[in-house]
Amino acid sequence: MDKLRVAVVGGGIGKAHLDAYLKLSEEIEVVAVCDLDLAKAQGLAETYRVPRVTRDLADLCRMEDLDVIDLCTPPQGHFEQIQQVLAAGKHVVCEKPLVGSLREADALIAAEAASQGRVMPIFQYRFGRGLQKLKHLVAQGVAGRAYLSTVETAWRRRASYYDVPWRGKWQTELGGALLSHAIHAHDMLTYILGSTKSVFARTATRVNPIEVEDCASVSLEFSDGSLASLSVTLGSPQEITRHRFCFENLVAESNTEPYNNSAEPWRFVGDTPEVDARIGAALARFEPLPERYEGQFFRFVRALRQGSALPVTLADARASLELVTAMYDSAQTGQDVTLPIGEDHPKYGGWLPQTVPAGG
Ligand SMILES: NC(=O)c1ccc[n+]([C@@H]2O[C@H](COP(=O)([O-])OP(=O)(O)OC[C@H]3O[C@@H](n4cnc5c(N)ncnc54)[C@H](O)[C@@H]3O)[C@@H](O)[C@H]2O)c1
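- Under an unreviewed UniProt entry, the chain has the name Oxidoreductase domain protein and belongs to Truepera radiovictrix.

Quick look at the structure:
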C-alpha cells in the first residue's frame with residue numbers, strides 16, 4: 001500500500017512530529033517542510049532528509065501528490081490554515097489548541113463534513129499506555145461508577161519562555177495555563193470520564209508578568225454525577241503532572257512525570273482481592289500500541305486506511321474547547337457555568353476577556 005505523504009508546517013514542536021513520522025517510515029513519508037523562517041525550514045529538511053522546502057502554506061496546498069498537511073503553527077493561525085488545507089482536498093493534522101472559539105470549532109466541523117479531507121487535532125497524551133490501560137479497564141466494566149478525580153498540572157515556566165512573541169498574550173496565545181498547558185491533562189480526564197455538566201473556576205497571574213493566567217483552580221461535575229478537582233500552576237519548582245481517579249471498584253493513579261504521565265507506570269488498586277484479580281485478568285488482554293505522537297500518527301494511518309474514526313476528532317477538540325470556554329467564563333464572571341455551551345452562550349464566539357489590548 002502507498003505511503004501517506006505528509007508535509008510539516010512550523011519548525012518548533014514540528015520537530016517532535018518529524019521524529020515521530022521517522023519512526024513510522026514504513027507507513028509515512030515526509031515530503032515537505034514549511035516555515036515562515038526559510039532557514040529554519042531548510043535546516044529541518046537537511047536534518048530529516050526531506051526533499052521539498054517552502055515558507056508558504058499555499059505552495060503545499062498546490063502539491064497534488066501530498067495527502068496530509070500537519071500544522072504546527074501558533075494557535076491564532078489554525079482556523080484559516082485548516083480551511084485552506086481542507087479546500088485543497090487534503091487531510092489536516094493540527095496542534096492544540098485547535099482554534100479560539102466554539103463558533104470556529106463548529107465552522108470547522110461543517111467544513112470537514114463538506115470536504116474530502118479529514119481533520120485530526122493533536123492530543124498525543126491520550127496514547128500513553130498507563131492511561132490506555134485505565135481506558136481498557138473502564139471499557140471492560142472493571143472500574144465501576146466514577147466517584148472523584150483529581151488532576152494536578154504543576155509545571156515551571158520562566159520569563160525566557162515568553163521571549164517567543166506570541167506567548168503570554170490573549171490575542172496570539174488565546175489563553176494561558178488552562179488553554180496551552182493543562183489542556184492535555186484535562187483532555188486525559190474527559191477522555192476517561194466523558195462530558196462535563198458544570199464548572200467553577202478561579203484563575204490568577206502570579207508567576208510571570210504576562211496577560212494570561214498562570215495559575216488556576218477548577219471544580220467540575222461530570223454528566224455521570226462524578227466530581228473532579230483540577231489545579232494548575234506554571235510556578236512549581238518541582239514539575240509534576242498527576243491524575244488520580246477514584247472509582248467504585250478501583251483507584252487509578254498515574255506516575256508524576258510532568259510531560260509523560262500518561263505513560264506507564266500507573267497503579268491500579270482494587271477494592272477487594274477479587275477486583276484485583278479482575279484487573280489482572282483484564283490487563284492480560286491489553287494490547288500495547290505506540291505512544292505519544294508516534295501513537296497518535298500510528299492510529300491516524302490505521303483509521304485512514306480502514307475508513308474508521310480518527311483517534312482524535314474535531315468533536316473531541318470541540319469538547320476540550322467547550323471546557324476551556326466554561327472555565328474562562330466562570331473565572332471572568334465568578335459564576336458556576338452549565339454545559340453544554342451552544343450558539344446562544346455569550347462566549348460562543350470566544351472566551352477572550354473584554355479588556356484585551358488591541359493587537360495583543
Ligand atoms: N502538543 C503539545 O504537547 C505541544 C507542545 C508545544 C507546542 N504545541 C503547540 O504547537 C503550536 C506551535 O507551538 P511551538 O511551541 O512550536 O511554537 P514556535 O513559535 O516555537 O514555532 C512555530 C513555528 O511556526 C512558524 N510559523 C508561524 N506561522 C507560520 C505560517 N503561517 N506558515 C509557516 N510557518 C509558520 C514559525 O516561524 C515557527 O518556526 C502551538 O499551537 C502550541 O500550543 C503543542
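1. Digging into the overall build of the chain
Working step 1: Counting secondary structure elements, the chain contains twelve helices and 14 strands.
Working step 2: In summary, the chain has a C-alpha radius of gyration of 20 Å against a globular reference of 21 Å for 360 residues, a match within 12%.
Working step 3: Taken over the C-alpha atoms alone, the chain extends approximately 60 × 50 × 40 Å along its principal axes.
Working step 4: A total of 360 residues make up the chain; the buried ones form 53% of that total.
Working step 5: The contacts of the chain with a sequence gap of at least 6 include a subset with a gap of at least 24, amounting to 68%.
Working step 6: Carbon and sulfur atoms make up 49% of the accessible area of the chain, which amounts to about 15700 Å² in all.
Working step 7: Taking the average location of the 37 positive side-chain charges in the chain and that of its 45 negative ones, the two points are 3 Å from each other.

2. What about the UniProt feature "domain: Gfo/Idh/MocA-like oxidoreductase N-terminal" (unreviewed entry) in the chain?
Working step 1: According to UniProt, the feature "domain: Gfo/Idh/MocA-like oxidoreductase N-terminal" (unreviewed entry) maps to residues 4-121 in the numbering used here.
Working step 2: Secondary structure across residues 4-121 divides into 41% helix and 23% strand, with the first and last C-alpha atoms of the span separated by 17 Å.

3. Things to note about unusual backbone geometry
Working step 1: Geometrically, the link from Lys 96 to Pro 97 is a cis peptide bond, its omega value of -15° lying close to zero.
Working step 2: Residue position: Pro 97 is located in the loop between β5 (91-94) and α5 (102-113).
Working step 3: Cis geometry is adopted by the peptide bond preceding Pro 340, which originates at Leu 339 and carries an omega value of 0°.
Working step 4: Within the secondary structure, Pro 340 sits in the segment after β14 (337-338).
Working step 5: Positive phi is not limited to glycine here, since Arg 49 has a value of about 50°.
Working step 6: Mapped onto the secondary structure, Arg 49 falls in the loop between α2 (38-48) and β3 (52-54).
Working step 7: Its relative accessible area of 76% is what places Arg 49 among the exposed residues.
Working step 8: The phi torsion at Arg 292 lies on the positive side, around 50°, for a residue other than glycine.

Cut-offs used in this document
Residues numbered from 1 in each chain as written. Predicted model: local features only at pLDDT ≥ 70, side-chain atom pairs only at ≥ 80, totals over all residues. Heavy atoms only, no water. Helix = DSSP H or I, 4+ residues; strand = E, 2+ residues; numbered from the N terminus. Rg over C-alpha atoms; globule rule 2.2 N^0.38 Å. Buried < 20%, exposed > 50% of the residue type's maximum accessible area, 1.4 Å probe, protein only. Contact = heavy atoms within 4.5 Å. Areas by Shrake-Rupley, 256 points an atom, 1.4 Å probe, with all protein chains shown as cover. Lys, Arg positive; Asp, Glu negative; His and termini not counted. Charge placed at Lys NZ, Arg CZ, Asp CG, Glu CD. UniProt positions renumbered as here; feature names shortened; annotations may be inferred.

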